[in-house]
Amino acid sequence: FRLSRRPDIGDQIDVSFEFFPPKSDAMEARLWETTERLQPLSPSFVSVTYGAGGSTRERTARTVERIIRETALTPAAHLTCVDATREDADQVIRQFLDIGVSRFVALRGDPADGVGTRYAPHPGGYANAAELVEALARHGAKDISVAAYPEKHPESPDFATDIDMLKRKVDNGAKRAITQFFFDNDLYERYVERARRAGIYVPIVPGILPVHNFGQVANFAGRCGAHVPAWLAERFEGLENDPQTHALVAAAVAAEQVLDLVERGVSDFHFYTMNRADLAFAICHMIGIRANGAREDAKPAAA
Ligand code: FAD
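Each value, and the rule that gives it
- Residues numbered from 1 in each chain as written.
- Predicted model: local features only at pLDDT ≥ 70, side-chain atom pairs only at ≥ 80, totals over all residues.
- Core = buried A, V, L, I, M, F, W, Y, C linked by C-beta atoms within 7 Å.
- Buried ≥ 20, exposed ≤ 12 C-beta atoms within 10 Å, placed from the backbone.
- Helix = DSSP H or I, 4+ residues; strand = E, 2+ residues; numbered from the N terminus.
- Contact = placed C-beta atoms within 7 Å.
- pLDDT = per-residue confidence, 0-100.
- Near = placed C-beta within 6 Å.
- Nonpolar A, V, L, I, M, F, W, Y, C, P; charged D, E, K, R; others polar.
- Expected span 1.5 Å × (residues − 1).

J.: What am I meant to see in the nonpolar core here?
T.: The nonpolar side chains of a soluble globular protein tend to be buried with one another. Counting 78 residues, the largest nonpolar core has Ala77, Phe104, Ala106, Leu132, Val133, Ala177 and Ala280 as its most contacted members. Considering every element that reaches this core, the biggest residue donor is helix H9 (residues 243-263), with six residues. Dropping the residues within four chain positions of it, Ala77 is found in contact with Val48, Tyr50, Thr60, Val64, Phe96, Val101 and Phe104.

J.: Explain the confidence of the model for the protein to me, please; I cannot follow it from the model alone.
T.: For the protein, per-residue confidence averages 91 on the pLDDT scale, and 91% of positions sit at 70 or higher. Counting contacts from residues 1-5, a segment whose pLDDT is below 50, to residues more than four positions away or on other chains yields five contacts. Counting contacts from residues 294-303, a segment whose pLDDT is below 50, to residues more than four positions away or on other chains yields ten contacts. Interface scoring of the predicted complex returns ipTM 0.95; its pTM is 0.93.

J.: Would you mind going over the site of the ligand with me for this structure?
T.: Neighbouring residues of the ligand: 24 residues in total, closest Thr49, His78, Arg108, Asn128 and Ala129. When residues of the shell around the ligand are traced back to their parent elements, those giving at least two are strand S3 (75-80), strand S4 (103-107) and helix H5 (159-171). Residue contributions to the shell around the ligand peak at four residues, all from H5. A breakdown of the residues in the shell around the ligand according to their chemical character gives eight nonpolar, eleven polar and five charged.

J.: Would you mind showing me how to read H9 here?
T.: Note: α-helices contain 3.6 residues per turn, so residues at a spacing of three or four share the same orientation. In a regular helix each residue adds 1.5 Å, so 21 residues correspond to 30 Å; H9 covers 30 Å between its end C-alpha atoms and thus fits that length. Turning to H9, its buried residues are Ala250, Ala251, Val253, Ala254, Gln257, Val258 and Val262. Taken together, the buried residues of H9 touch helix H6 (185-197), strand S8 (207-208), helix H8 (230-236), strand S9 (268-272) and helix H10 (278-286). Looking one or two places after H9, you find Gly265, whose phi comes out positive at around 100 degrees.

Rendered as C-alpha cells:
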C-alpha cells in the first residue's frame, strides 16, 4: 500500500469516533479539547458510551446534549438494556429523542457486579440488544448501530450462535455493526465472510483501538474475549516507562492495521478514542483524511 499512489483515498473513507462521558472537570476539559481537534476531520458521527446506574446515564445525556449544543458533530448515544425495565429503557429513549438525538448504538450491556457474573435479562426488561433495537426502531430512531465480535462474544458458544444474534439485531432494524476491537485483521475478514454468508449485508465497521496503554489494553482484552497476539506484546515490551516511544509505536501499529484494512477494501472505521485525539488524528491523517474534508492532494489556492 502506497499512499502516494492513492492520493484521493481519504475521500472514500468514513470515520466515527467513540467517547466516554467524563467523570471530572479535568476529564471534561480534555474531552472538549479532543472534540475540537477531531471535528475538522468531519466524522460521520461521534458516539458516547453508556453505563448502567443513574449518574452514568445522566453523564451520557449531558455529554450528548453538549455535543449538540456546542459542536457541529452528529452524536450517537449508546444505550444498554441490562438491569432496566422496559419502561425505564423506553423513558431513556424518549429523553434522548427529545434532546435531538436520532442515532443510537444499541447494546445489551454487562451485569454491574462485573466479571464472572452471568448475564440474566431483567424480568421486565428487553432481553438483549436485538429487542432493544426493535424498541428503538418503534420509537422512531433514525440510525441504529449494534455491536459485533470478530472473535465471537465470550458468551456465544460458537460463531453460528454469535452471527445469529447479529442477524436478529440487523433484522430488527440495525443499519450497521461496529466491532469489538481486534488486532488480527484475518479474524475480522473471516467474521465478515461468515456474516455475509448468513445474509447480513449491513456495513460491519472495524472498531480500532489505538493502544494508549498496552498494559491496560491487554487486561481489558482478556475480559472481553479479544486476543492480544504475541507480536503486539513484543512491540510494546519494555516501553512501560517510556510514554513517548510507546505513543510512536502505538501510532505505527494502528496505522499498519488500518492501512491493511483499507487494502482489503474497508472504507469505514470507528475509533475507540479513550477521549484522546492524538493517535486517532494521526491515523486518520495517514489514511488521507484532512481537516474539513480537504483532500490530501488538494492544491493550495493560487496566490
Ligand atoms: P447481544 O447482542 O444482545 O448479545 C451478545 C451475546 O450474548 C450473544 O452473541 C449471545 O451469545 C448472548 N445472548 C444474549 N442474549 C441471549 C439470549 N436470549 N439467548 C442466548 N444467548 C444470548 N457496554 C456498555 O455497558 N456500554 C456501552 O456504551 C458499550 N458500548 C459498546 C460499543 C461497542 C461497539 C461494543 C462492541 C461493545 C460495547 N459495550 C458497551 C459492551 C457490550 O455491552 C458487551 O459486549 C455485552 O456483553 C454484549 O452486548 P451486545 O449488545 O453485543 O449483546
